[in-house]
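Working through the structure, step by step
Each chain, written out:
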Amino acid sequence: QVQLVESGGGLVEPGGSLKLTCEATGFSFDLYAMGWIRQASGKEREEVACISSSSDDEYYADSVQGRFTVTRDNAKKTVYLQMNGLKPEDTAVYHCSTLTSPECGDHLWFDQWGQGTQVIVSS
């Protein structure tokens, strides 16, 4: 059974930082690209970041480029999202998910997501 558990969200002021963590179990973590998708109220789901299985390639949405960094530790079966310079527009529930290949280029995601962690950026 695939399980993805996100943590690290919270309330932060604009300009602040948060680091999200996603712990994975139940599959061969090191064979798949991993990524983050966010869902803000009233908005479409947005693919935020992706990292390939071997960390050779990364993808970032234009809206977070230069501010967010995705990393992974295959030994720990964990993927992270370091978020710096947070803006109110970043407010959303952030979900971890697995892509269907080792690479990010196809942007094809499995249906199973983590439960999500809430990020609120507000003064």
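Relevant structure appears above.
Residues numbered from 1 in each chain as written. Predicted model: local features only at pLDDT ≥ 70, side-chain atom pairs only at ≥ 80, totals over all residues. Heavy atoms only, no water.

A few words now on the overall build of the chain. Helix and strand content of the chain: zero helices and 11 strands. Its C-alpha atoms give the chain a radius of gyration of 13 Å, within 12% of the compact-globule value 14 Å for 123 residues. Projected onto the principal axes, the alpha-carbon positions of the chain cover approximately 40 × 25 × 25 Å. When burial is assessed residue by residue, the chain has 44% of its 123 residues classed as buried. Pairs at least 24 residues apart make up 58% of the contacts formed inside the chain by residues separated by at least 6 positions. Per element, the accessible surface of the chain, about 6,300 Å² overall, is 46% carbon and sulfur. The average position of the 9 basic charges and that of the 17 acidic charges among the side chains of the chain differ by 5 Å. (Helix = DSSP H or I, 4+ residues; strand = E, 2+ residues; numbered from the N terminus. Rg over C-alpha atoms; globule rule 2.2 N^0.38 Å. Buried < 20%, exposed > 50% of the residue type's maximum accessible area, 1.4 Å probe, protein only. Contact = heavy atoms within 4.5 Å. Areas by Shrake-Rupley, 256 points an atom, 1.4 Å probe, with all protein chains shown as cover. Lys, Arg positive; Asp, Glu negative; His and termini not counted. Charge placed at Lys NZ, Arg CZ, Asp CG, Glu CD.)

Nonpolar side chains in soluble globular proteins generally cluster together in the buried interior. Among the nonpolar cores identified, the biggest contains 28 residues, and Trp36, Val79, Leu81, Met83 and Tyr94 are the most heavily contacted of them. For this core, the elements supplying multiple residues, two or more each, are β3 (18-25), β4 (34-39), β5 (46-51), β7 (68-73), β8 (78-83), β9 (92-99) and β11 (117-121). Among all residues touching tyrosine 94, those that are not within four sequence positions of it are Glu6, Leu20, Trp36, Ile37, Arg38, Val48, Phe68, Leu81, Met83, Gly116, Thr117 and Val119. Membership of the second largest hydrophobic core comes to six residues, among which are Ile37, Cys50, Leu99 and Cys104. (Core = buried A, V, L, I, M, F, W, Y, C linked by side-chain atoms within 4.5 Å.)

Of all six residues that make up β4, five are buried, and the element is covered over most of its length. Across five bridges, β4 lies against β5 in antiparallel orientation. Each bridged residue has a counterpart across the sheet, and for tryptophan 36 the counterpart in β5 is alanine 49. Joining the antiparallel neighbours β4 and β5 is a turn of six residues, in which glycine 42 adopts a positive phi near 75°. Across six bridges, the pairing between β4 and β9 is antiparallel. Across the sheet, residue glutamine 39 finds its bridge partner in β9, namely valine 93. (Pairing = 2+ DSSP bridges.)

This part is about the side chain of serine 101. Along the chain, serine 101 turns up in the loop between β9 and β10 (109-113). The class for serine 101 is buried, based on a relative accessible area of 18%. A distance of 2.9 Å separates a polar side-chain atom of serine 101 from the backbone oxygen of glutamate 103. When sequence neighbours within four positions are dropped, the list of residues in contact with serine 101 reads Leu31, Tyr32 and Ala33. (Polar contact = N/O pair within 3.5 Å; in protein donor to acceptor, adjacent residues only side chain to side chain.)

Turning next to the sheet that holds β7. Read from one edge of the open sheet, four strands run β1-β3-β8-β7, paired in antiparallel fashion. Strands at the two margins of the open sheet, each flanked by one partner only, are β1 (3-7) and β7. Neighbour to neighbour, the strand axes of the sheet diverge by 15° on average, direction disregarded. For β3 and β8, the ladder comprises six bridges, and the chain directions are antiparallel. Directly across from glutamate 23, in β8, lies its bridge partner threonine 78. (Axes fitted to C-alpha atoms, helices over the stretch in contact; angles between N-to-C directions.)

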